[in-house]
Amino acid sequence: AVARLLASPHFGERWARHWLDAAQFADSDGFEKDKPRQVWAWRDYVINALNANLPYDRFVTEQVAGDLLPGATQNQIVATGFLRNSMLNEEGGIDPEQFRMEAVFNRMDVIGRAVLGLTVQCAQCHTHKYDPLTHTDYYRLLAYINTSNEACMTVYTPEEQARREAVLAAVATIDAEAKSAHPKWQAELAQWEAAARAQPAPEWRSVPLQFDDAAAGGQKFVPQGDDSYLAQGYAPTRFGPKMAGPSPLTEITAVRLELLNDPNLPRSGPGRSIFGACALSEFEMRIAPPDGVFETFEAWERVEIASAIADINPQEKILGPEFPDKDPKNVRHTGPIAMAIDGKGDTAWTIDSGAGRTNEPRYAIFTLAKPIALAPGTRIGFRLQQNHGGYNSDDNQTNNLGRFRLWVTDAKQLPSTAIPIGIQAILETPAVLRNGDKSSRMFRYWRGETPAFDALNQRAELAWNDHPWGSTQLVYREMLAPRETHRLLRGDFLQPAEAVTPGTPEFLPAIDPKTPPNRLGLAAWLTDKRSPTTARAYVNRIWQGYFGEGIVSTPSDLGVQGAPPSHPELLDWLAVEFMESGWDIKHIHRLIVQSATYRQSARATAPLLERDPKNRLLARGARYRVEGEIVRDIALAASGLLNPKVGGPSVCPPAPNFLFEPPASYGPKTWSTAEGDERYRRALYTFRFRSVPYPALQVFDTPPGDAPCVTRARSNTPLQALTLLNEPIFVECAKSLARQTLARGGASDADRIAYAFRRCTARTPDAVDAETLQLFLEKQRSRIASGALRPAEILGAEEVDAELAAWTLTARVMLNLDETITRQ
């Protein structure tokens, strides 16, 4: 039985729950807007790693620094989502740096509680008299995790990865056919590229900008040190940010808008939409006096734009359903760059070229109707109107520019086509976003611009249409230039003191000087066998999972301020055994469940209760109510409804609609109730809004995900009984259990009661149990027969089966038994 259960794919689901608690996993950002996020790929990583019995030291290393491993795979990068489960604030008016630091503080807490089993947050503000972790130690440790981007990558399931590879193979085949049909393609391509490069190459000068906070709608534009700006914080769905800066030239003939990738944007951008795309409704330029203020922007002289070219010009189409309008009569379109200067607010230039090709740098050049001469000190102003988001910023309906830069030129000759800037886009696409190397991408671009290949180009477009979008995952990606870390006075990001370098606390074993001063080095130190807490913290939490309480009852604080271990030698022995087994997680589970201690009866005698009322000495087996998710899973399993599917996106089981509307929610939330067997997935997969916890789980003490949790509270309240009796899924379970009982439980009431009772409690009812349930069943039959209770009140409007109704009420009682939801 032990071998079977350890090999079960549901083993990883059962024990992933505890690790998700420690990492404060949830499906939304938290704070005011509490926007939904896609992070289920990391949950799948944890489940799969536990099922595969990945050694714990490797498990920790991949989650702390998987992206830094040589040849890091998608799976190893996804693993770093462990450090990205912190809450994200995108309220209007926030300072993005403040909440970035709040997230880093939270990640320190996660590492402390989940890995080290230590409380480290106390040193965030100052040194405490009785805490060996000093204020400086805290920031030296924090420096390891403070040099990374807040990245959001595209991830593919194995099925999607297979589709993606098939698309790339099909396009490669088309390339081969094109080359075969044109034996001199290399010379033709070189000639085409030379002609493109022979076009005028203006000298461009970037414009340093200031922004009008009022017109920015709460969005912040963070300078990146190269005159480009990264949109962060609140993401309005429709707005027209105004910006202005000193002209670097005394004459201007054209403006270039450059959209750049950035790892801090969805799918690396260049936009802020869920696809990493964006839409520019109107591009407007004005001339501002040296002392001009944004309040008089409308009075500034407007500059006429004659034409525009871009490296991408999609066909005109209706804006996608991801960006809904409250008024369905309003139809907005996206398409080529001409739509950004057509004077219409309902049309926009889009960079969305479909899955696999959207997330690339893009360029547009706006040619002025006539050169404009500028007196020294004159400023130039711009408005980048963005009207093509949805109506609800709380549901990720933004379609904004993400990172951009503006350039100007005084050149009299400008490119006549977009080919030169298309070539520039190819050359500057980040390697991690490329489909193929630069030479193959250049060939495809040439093929697309050459009429002789029209038939092949159409086939290629059809092939690209099958490329999956995948989903997204918040991950860690190291910055190219490390961020400097300072000790923060009182933990205030506005009060930096001296700079600190990465280092470990002095009171713990020193880090190997050969390890790199990055997260990979931190992971090596965390899993060093000399660590006094890492192995102990994890085996203690495994023990807690089986006995309801750890050997140390304060699992996030193994220090002297925490509770002393009930069995210190046992804790030491388990920790050493864990490490010497090769950090074999399943080995520790096997040791515990095959021990005589675990296999004891939970029956208590009076002398034992008097001597050890809380069972800290473990003279009897543990007895406690199971976790909230398992309460629901037991009902689903007993009723035969449980969907055993492992992994994948979170699902939305039935919930009251009012929860997702004001005032229960700050703003309206999307809750698409699952249909079919998806609504009966394990509760591990229930979508979790941090601000609106799923009621049936919250009432059974599941944490909301707003802080790391390594030990859950257990309560016993009337609300729990009412939930088991009346919550929609539990009612459906009772009905299904009744159907199963009538179909398979035997011919007599006694046989059927025994069948249903055993499905709920895993034992045969004794005489008192059977008699009580028989009396209850007969009472319900009488109520229904007398008309006091109609079957439709129990089963639904179209159900009239009186016997099924009586058995549903009886099944509901059995699912509500204390014994049904208690582990003993």
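In this text, all values refer to a predicted model and were calculated from it rather than measured experimentally.

Draft legend 1. The arrangement of the overall build of the protein chain in detail. The secondary structure content of the protein chain amounts to 25 helices and 22 strands. For the protein chain, the proportion of its 824 residues judged to be buried stands at 55%. A separation of at least 24 residues holds for 73% of the contacts in the protein chain among residues at least 6 apart in sequence. A total accessible area of about 35,200 Å² is found for the protein chain, and carbon and sulfur atoms account for 54% of it. Of note, the protein chain has its 90 positive side-chain charges centred 3 Å away from the centre of its 99 negative side-chain charges.

Draft legend 2. Just unusual backbone geometry, in detail. The linkage connecting Gly 269 with the following residue, Pro 270, adopts the cis geometry, with an omega of 10°. Its location among the elements puts Pro 270 in the loop between β7 (251-259) and β8 (279-280). Between Pro 662 and Pro 663 the backbone carries a cis peptide bond, its omega angle lying at 5°. Along the polypeptide, Pro 663 turns up in the loop between α18 (628-639) and α19 (695-698). Phi is positive for Leu 618, close to 60°, though the residue is something other than glycine.

Draft legend 3. Just the pattern of salt bridges, in detail. Throughout the structure, instances matching the rule amount to 56 salt bridges. With a shortest N-O distance of 2.8 Å, Arg 781 and Asp 749 are connected by a salt bridge. Remark: Asp 749 occurs in helix α22 (residues 749-761) and Arg 781 occurs in helix α23 (residues 767-786); sequence separation between them is 32 residues. A relative accessible area of 19% places Asp 749 in the buried class. A salt bridge links Glu 819 to Arg 763, with the nearest nitrogen and oxygen atoms 2.6 Å apart.

Draft legend 4. Highlighting the sheet that holds strand β9 (residues 282-288). Taken in spatial order, the 5 strands of this open sheet run β3-β6-β16-β9-β10, and their pairing is antiparallel. The open sheet terminates on both sides in strands that have one partner only, identified here as β3 (210-211) and β10 (301-303). As paired strands, strand β6 (residues 242-246) and strand β16 (residues 379-385) are joined by 5 bridges and run antiparallel to one another. Within the sheet, the bridge partner assigned to Ala 244 lies in β16 and is Gly 381.

Draft legend 5. Structural context of the nonpolar core. Core analysis: the biggest nonpolar cluster contains 89 residues, and Trp 19, Trp 42 and Phe 82 have the highest contact counts within it. Leave out the neighbours within four places in its chain, and Trp 42 touches Trp 19, Leu 20, Ala 23, Phe 25, Gln 63, Val 78, Ala 79, Gly 81, Phe 82, Asn 85 and Gln 473. If you look at the next biggest cluster of nonpolar residues, it comprises 42 residues, including Leu 209, Ala 216, Met 285 and Ile 305.

Draft legend 6. Region of the structure containing the sheet that holds strand β14 (residues 347-350). Pairing is mixed across the open sheet formed by 4 strands, whose spatial order is β8-β14-β13-β12. Looking at which strands have only one partner, the edges of the open sheet turn out to be β8 and β12 (317-318). The pairing of β8 with β14 spans 2 bridges and is classified as antiparallel. What sits directly across from Leu 280, in β14, is Trp 349.

Draft legend 7. How the structure looks around the side chain of Gln 544. Among the secondary structure elements, Gln 544 is positioned in helix α14 (residues 534-547). With a relative accessible area of 13%, Gln 544 lands in the buried category. Once you skip the residues sitting within four places of it in the chain, Gln 544 turns out to touch Glu 549, Gly 550, Pro 555, Val 710 and Thr 711.

Draft legend 8. Expanded view of the state of the cysteines. This structure, assessed with the given rule, holds 0 disulfides. Lacking any disulfide linkage, Cys 709 is separated from the closest cysteine sulfur, that of Cys 122, by 17 Å. Take Cys 709: its relative accessible area is 15%, and that puts it in the buried class. Distance from the sulfur of Cys 760, which forms no disulfide, to the nearest cysteine sulfur (Cys 733) is 9.8 Å. Residue class for Cys 760 comes out buried when judged on its relative accessible area of 6%.

Draft legend 9. How the structure looks around the packing of helix α21 (residues 728-744) against helix α25 (residues 802-815). Where α21 meets α25, the closest approach of the two axes is 8 Å, and the angle between their N-to-C directions is 120°. The interaxial crossing formed by α21 with α25 has right-handed handedness. Contact with α21, carried on its side by Phe 730, Cys 733, Ala 734, Lys 735, Leu 737, Ala 738, Arg 739, Thr 741 and Leu 742, involves Glu 803, Leu 804, Trp 807, Thr 808, Ala 811, Arg 812 and Leu 815 of α25 and no other residues of that element. Residue composition of the contact of α21 with α25, grouped by class: 10 nonpolar, 2 polar and 4 charged.

Draft legend 10. Looking closely at the environment of Asn 399. With respect to the element layout, Asn 399 can be found in the loop between β16 and β17 (403-409). Taking the C-alpha atoms as reference, Asn 399 lies 4.7 Å from Cys 278; in sequence the two are 121 residues apart. Leaving out residues up to four positions away in the same chain, Asn 399 has contacts with Ser 273, Ala 277, Cys 278, Ala 279, Leu 319, Phe 323, His 388 and Gly 389. From its side chain, Asn 399 meets the backbone oxygen of His 388 in a polar contact 3.1 Å long.

Draft legend 11. Layout of the pairing of β16. With 6 of 7 residues buried, β16 lies mostly within the body of the structure. Pairing between β9 and β16: 7 bridges, direction antiparallel. Opposite Met 285, over in β16, you have Phe 382 as the bridge partner.

Draft legend 12. How the structure looks around the packing of helix α20 (residues 718-726) against α21. Two elements in contact, α20 and α21, have axes whose closest approach is 5 Å; the angle formed by their N-to-C orientations is 55°. Comparing the axis directions of α20 and α21 gives the class oblique. Here Thr 723, Leu 724, Leu 725 and Asn 726 of α20 come into contact with α21, specifically with Pro 728, Phe 730 and Val 731. In terms of residue class, the contact of α20 with α21 is built from 5 nonpolar, 2 polar and no charged.

Calculation notes
- Note on numbering: residues in each chain are counted from 1, in written sequence order.
- For a predicted model such as this one, the threshold for reporting local features is a pLDDT of at least 70, and the threshold for listing and counting side-chain atom pairs is 80 or more; totals across whole chains, interfaces and linings nevertheless cover every residue.
- Remark: hydrogens and water are excluded; side-chain values derive from all non-hydrogen atoms of the structure.
- Secondary structure counts use DSSP, requiring at least four H or I residues in a row for a helix and at least two E residues in a row for a strand, with both numbered from the N terminus.
- Only protein chains enter the accessibility calculation, which uses a 1.4 Å probe; a residue is then buried when its area is under 20% of its type maximum, exposed when over 50%, and partly exposed in between.
- The contact criterion used is simple: two residues touch if any of their non-hydrogen atoms lie within 4.5 Å.
- The Shrake-Rupley method, run with a 1.4 Å probe sphere, supplies the accessible areas, and residue values consider only the shown protein chains as cover.
- Counted as positive: Lys and Arg. Counted as negative: Asp and Glu. His and the chain ends are not counted at all.
- Lys charges are placed at NZ, Arg charges at CZ, Asp charges at CG and Glu charges at CD.
- We define a salt bridge as a contact between a side-chain nitrogen of Lys or Arg and a carboxyl oxygen of Asp or Glu at a distance within 4 Å.
- Strand pairing is assigned whenever DSSP identifies at least 2 bridges connecting the two strands.
- The definition of a nonpolar core used throughout is a set of buried Ala, Val, Leu, Ile, Met, Phe, Trp, Tyr and Cys residues joined through side-chain atoms within 4.5 Å.
- Working definition: a disulfide is two cysteine sulfur atoms within 2.5 Å of each other.
- Where helices are involved, their axes are fitted lines through C-alpha atoms of the stretch in contact, as for all axes, and angles between N-to-C directions lie from 0 to 180°.
- Helix crossings fall into two classes, left-handed where the near helix is turned counterclockwise from the far one by less than a right angle and right-handed where it is turned clockwise.
- In this count, Pro and Cys sit with the nonpolar residues alongside Ala, Val, Leu, Ile, Met, Phe, Trp and Tyr, while Asp, Glu, Lys and Arg are called charged and the others, Gly among them, polar.
- The term polar contact refers here to a pair of N or O atoms within 3.5 Å; inside protein, the definition further demands a hydrogen-donor-capable atom paired with an acceptor-capable atom, and it admits residues adjacent in sequence only when both atoms are side-chain atoms.
- Oblique is the label for every angle not falling under 35 degrees (roughly parallel), over 145 degrees (roughly antiparallel), or within 65 to 115 degrees (roughly perpendicular).

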